[in-house]
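A closer look at the structure
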Amino acid sequence: MNLSILIPLLNEEESLKELYSWIIKVMQSNNYSYEIIFVDDGSTDDSWNIIESFSNENPNVKGIRFMKNFGKSQALHAGFAKAKGDVIITMDADLQDSPDEIPGLYDMITKEKFDLVSGWKKKRYDSVVAKNLPSKLFNWAARKTSGVELNDFNCGLKAYKNTVVKNVEVSGEMHRYIPVLAKNAGFNKIGEKVVIHQARKYGETKFGMERFINGFLDLITIWFLSRFGKRPMHLFGAMGSLMFIIGFLLAGYIGISKLYHMYNGMKYSLITSNPWFFIALTTMILGTQLFLAGFLGEIILRTKNNESRYKVAREVNF
C-alpha cells in the first residue's frame, strides 16, 4: 500500500465531507493505493456518523473512535499503530491543510529518501499577535533546544516512512515534537517542505494560547528525556553525589577546624553555632535526596507498565 492518510479530529462535522472528497480526488488522480484513517478524539457532534458513512461506501476508509477526548498525541498514536502504508501522511481535518500537498510529500519520502518531511506554513492566515508571533518564538526555542532545523514544528501536515511511526512513542502533548522523537530514535534525514496554509473555513480552532505554554514545558521534558530518559541516575545520581561530597567536605573542615582550635588552646565556638554547619548539613541531605530520586527513577523505568493512554469505543474497517 502506498499511502496511509491519518486524520485526527474533534468536532469537525462541517469540514469532513469536503476534505474526504478532496483526498479521494488526489488519490485517484495519482493512482495511489491508500487507506484513510480518521481518529475521532471524542467528538460530540455528528463527526463519527459521517466517518461511518464514508467507511460504508469506501472500504479504504477506516475509523477509530475514542470514548472521550484524550488529545491529539493519543489520536496519532492510535493511528500510527494501525497504519499499513509505506508512507504515512498526517493532516488536520479543518481544511487548513491542503490534500494537494500529498504527492509532493510522498515523493520526498519515496524518491528523495527522507525519513520524515514536515510541512512549513510559511505564509499564514492566523492572528499575528495571538498565533504567529508566539509560534515563531516557540519554533526558535525548539530549534535551539532540539538541534532539529525546522521552521514549523506545529504544522500538522507531515509525511513519514512507515518505520518511523512504528518506532516513536507519542504521548502526552508530544505530537509537536515527533521530528525530535524521530531524531532521538536514529532517523536523521528530516526534511521540510513549504506548504499552503488555508484560512479556517468552518468552526473555530481547538487550541488556545495555553498550547504555547504547554509546548515550552513539553520542550523541556523532551530535552530531559532525550538526554537522561533512559538513565536518570546519570543526572540525579551525579548531582546528588557531588552535593553530598561538597557538604561532607565542608562539615569535615568545620570539625577539623574546631579540633585544631581546641588542641592549640585557641578560642572556639560550638559547631552548631556556625551557620556553615547547617549549610553543609542541608547540602548533604539534598544530595542524598537527589541520589535517591535517580535510584527510584531507574527502578520505575525498569518496572513501568506500558498501559494504553486512551480507550477506544469503536473501530470500523480494521
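Notes on the structure follow. (Residues numbered from 1 in each chain as written. Predicted model: local features only at pLDDT ≥ 70, side-chain atom pairs only at ≥ 80, totals over all residues. Heavy atoms only, no water.)

Let's talk about a nonpolar patch on the surface
- A contiguous nonpolar surface patch, about 560 Å² in accessible area, is contributed by F291, L292, F295, L296, I299 and I300.
- Looking at the secondary structure, you find L296 in helix α10 (residues 275–303). (Patch = residues over 30% accessible without salt bridge, like charges linked within 9 Å, V, L, I, M, F, W, Y side chains within 5 Å. Areas by Shrake-Rupley, 256 points an atom, 1.4 Å probe, with all protein chains shown as cover. Salt bridge = Lys/Arg side-chain N within 4 Å of Asp/Glu carboxyl O. Helix = DSSP H or I, 4+ residues; strand = E, 2+ residues; numbered from the N terminus.)

Things to note about the sheet that holds strand β2 (residues 34–40)
- The strand order β7-β5-β6-β4-β1-β2-β3-β8 describes an open sheet built from 8 strands, whose pairing is mixed. Edge positions in the open sheet fall to β7 (190–194) and β8 (312–316), since each of these has one partner strand only. Neighbour to neighbour, the strand axes of the sheet diverge by 15 degrees on average, direction disregarded.
- Here strand β5 (residues 116–120) pairs with β7 via 5 bridges, running parallel. In the sheet register, W120 faces β7, and the bridge partner there is V194.
- In the packing of helix α4 (residues 102–110) onto the sheet, the strands contacted are β1 (3–9), β4 (87–90), β5, β6 (158–161) and β7, and the crossing angle to β4 comes to about 140 degrees. (Pairing = 2+ DSSP bridges. Axes fitted to C-alpha atoms, helices over the stretch in contact; angles between N-to-C directions. Contact = heavy atoms within 4.5 Å.)

Notes on the pattern of salt bridges
- Considering all chains together, one arrives at 8 salt bridges under this definition.
- Two residues, E101 and K193, come together in a salt bridge whose shortest N-O distance is 2.8 Å. Of the two residues, E101 sits in the loop between β4 and α4 while K193 sits in strand β7, which places them 92 residues apart along the sequence.
- Here K111 and D107 are joined by a salt bridge, their closest N and O atoms 4.0 Å apart.

Overview of the packing of helix α1 (residues 13–29) against helix α2 (residues 47–57)
- Between α1 and α2, whose axes approach to 9 Å, the crossing angle comes to 20 degrees. Regarding the angle of α1 to α2, the classification is roughly parallel. Considering the relative orientation of α1 and α2, their crossing is right-handed. Here E13, L16, K17 and Y20 of α1 come into contact with α2, specifically with S47, I50, I51, F54 and E57. (Parallel < 35°, antiparallel > 145°, perpendicular 65-115°, else oblique. Left-handed = near helix turned anticlockwise from the far one by under 90°.)

Observations regarding the packing of aromatic side chains
- In the structure shown here, the tally under the stated rule is 8 aromatic pairs.
- On the numbers, 4.1 Å between centres and 15 degrees between planes, the contact of Y20 with F54 is stacked. Within this pair, whereas Y20 is found in helix α1, its partner F54 is found in helix α2, the two being separated by 34 residues in sequence. Of the two residues, Y20 and F54, neither departs from the other in class, the shared state being buried.
- Measuring from centroid to centroid gives 5.7 Å for F66 and F70, while their planes differ by 80 degrees, and the two rings are edge-to-face.
- When its relative accessible area of 2% is taken as the criterion, F66 is described as buried.
- The ring of F318 has K82 lying over it, and the distance from NZ or CZ to the ring centre is 5.1 Å.
- Over the ring of F114 we find K189, and its NZ or CZ is 5.0 Å from the ring centre. (Phe/Tyr/Trp six-rings, centres within 6.5 Å; stacked < 30°, edge-to-face > 60°. Buried < 20%, exposed > 50% of the residue type's maximum accessible area, 1.4 Å probe, protein only. Lys NZ or Arg CZ within 6 Å of the ring centre and 35° of its normal.)

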